[in-house]
Amino acid sequence: MIAILLGPPGSGKGTQAKRLWKERHLPQLSTGDMLRSAIQSGTQLGVEAKSFMDRGLLVPDSIVVGLIEERSKEDRCKEGFILDGFPRTISQAQTLDQMLIDQNRKVDRAVLFEVSDEELVCRLSGRRTCTQCHTMFHMEHAPPHVSGVCDQCGGKLIQRNDDQPEVIQKRLLVYHRETKPLVDFYANQGKLKNIDASQRADAVSEALGRALQ
Ligand code: AP5
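Here we summarise the structure given alongside this text. Along each chain, residue indices are assigned from 1 in the same order as the chain's sequence is written. Reporting of local features is limited, given that this is a predicted model, to residues whose pLDDT is at least 70; pairs of side-chain atoms are given and counted only at 80 or more, and all residues count toward the totals for whole chains, interfaces and linings. Side-chain descriptors were evaluated using all non-hydrogen atoms of the structure, hydrogens and water having been removed beforehand.

## A closer look at the site of the ligand
Next, step 1: Neighbouring residues are identified by heavy atoms, a residue being near a molecule or strand if any of them is within 4 Å of it. Not every one of the 34 residues close to the ligand is listed here, only the nearest: T15, L57, R88, R127 and R171.
Next, step 2: In protein, a polar contact means a hydrogen-donor-capable atom and an acceptor-capable atom, both N or O and within 3.5 Å, with residues adjacent in sequence counting only if both atoms are side-chain atoms; elsewhere, any N or O pair within 3.5 Å suffices. Here an oxygen atom of the ligand sits 2.8 Å away from a polar atom, N or O, in the side chain of K13.
Next, step 3: At 3.4 Å, a backbone N or O of A201 approaches a nitrogen atom of the ligand.
Next, step 4: For the area figures, the Shrake-Rupley method with a 1.4 Å probe applies, and any residue is considered shielded solely by the protein chains shown. When the ligand is considered free in solution it has 1000 Å² of accessible area, and contact with the protein chains removes 94% of it.
Next, step 5: If you list the elements that add at least two residues to the shell around the ligand, you get α1 (13–24), α2 (31–41), α6 (117–126) and β6 (136–138).
Next, step 6: The biggest single contributor to the shell around the ligand is α2, with four residues.
Next, step 7: Among the residues forming the shell around the ligand, the class breakdown is 13 nonpolar, twelve polar and nine charged. To qualify as a helix, a DSSP run of H or I must reach at least 4 residues; to qualify as a strand, a run of E must reach at least 2; elements of each kind are numbered from the N terminus. Any residue that is not Ala, Val, Leu, Ile, Met, Phe, Trp, Tyr, Cys, Pro, Asp, Glu, Lys or Arg is counted as polar, Gly included; the first ten are nonpolar and the last four charged.

## So, the packing of α6 against helix α7 (residues 165–179)
Next, step 1: Taken N-terminus to C-terminus, the directions of α6 and α7 make an angle of 135 degrees; their axes are 11 Å apart at the nearest point. It follows from the interaxial angle that α6 and α7 lie oblique. Considering how the two elements wind past one another, α6 and α7 form a crossing that is right-handed. From α6, D117, L120, V121, L124 and S125 reach across to α7, where they touch I168, Q169, R171, L172 and H176.
Next, step 2: Tallied by class, the residues present in the contact of α6 with α7 amount to five nonpolar, three polar and two charged. Axes here refer to lines fitted to C-alpha atoms; in helices the fit is confined to the stretch in contact. Angles between the N-to-C directions go from 0 to 180 degrees. Any angle from 65 to 115 degrees is called roughly perpendicular, while one under 35 is roughly parallel, one over 145 is roughly antiparallel, and all others are oblique. Handedness of a helix crossing follows the sense of rotation of the near helix relative to the far helix, less than a right angle counterclockwise being left-handed and clockwise being right-handed. Note on contacts: a residue pair is in contact if any heavy atoms of the two residues lie within 4.5 Å.

Dropping the structure here:
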């Protein structure tokens, strides 16, 4: 199964992709996580990506496409994988289709996470992420037991640079302009399913499970 989690920033794609890994052992390929890890390691790629990410802009295809191509060929992905945050433009979707044709594979399903912009702003501005194990928390909906400390590993919790209010607005704008057209792209291929991602996380997991059947 190769599935794409499609949806605006903060709609819960990362949360659900991590659950799918735990429950169904489907590897999560998240371009956002890969880029943040490159930034943390201080690589040249990370330095280039950071200047776009901190402004809420898309990182150039020349950087992200290579990351996905490399990971999709790993042994652990041979039974399938979940794409989280890729593709984000029609051009990336077309490149992905061709990449998978070359590997004798195809996208099976794209699932659209539907959440209002108002709720997204609340989720993103309250999000805190562990610097060590990347577990996510939310100051109101899923707070850690001890403020600023990860429940899982004791790591430090931080707010992402791109979760500042003005950057959130920019990311939402970029989503509506660049990524939303993918809804029609996958609907026209008969691969799109919509889910109500404004429900609590367990209900979203159930809806996602049905959408992937
Ligand atoms: P990326 O990391 O992909 O960010 P995003 O798509 O903007 O998505 P988020 O990670 O912000 O949100 P999410 O939908 O995963 O929600 P989450 O589960 O975290 O990309 C970051 C940047 O990298 C981009 O802006 C761009 O610059 C660059 N980039 C990445 N991919 C690229 C590409 N393909 N091309 C070019 N550039 C690229 O949840 C959010 C919060 O809500 C959390 O606090 C969580 O606890 C909470 N929450 C989750 N589910 C629920 C629920 N059901 N109810 C209540 N709260 C919930």
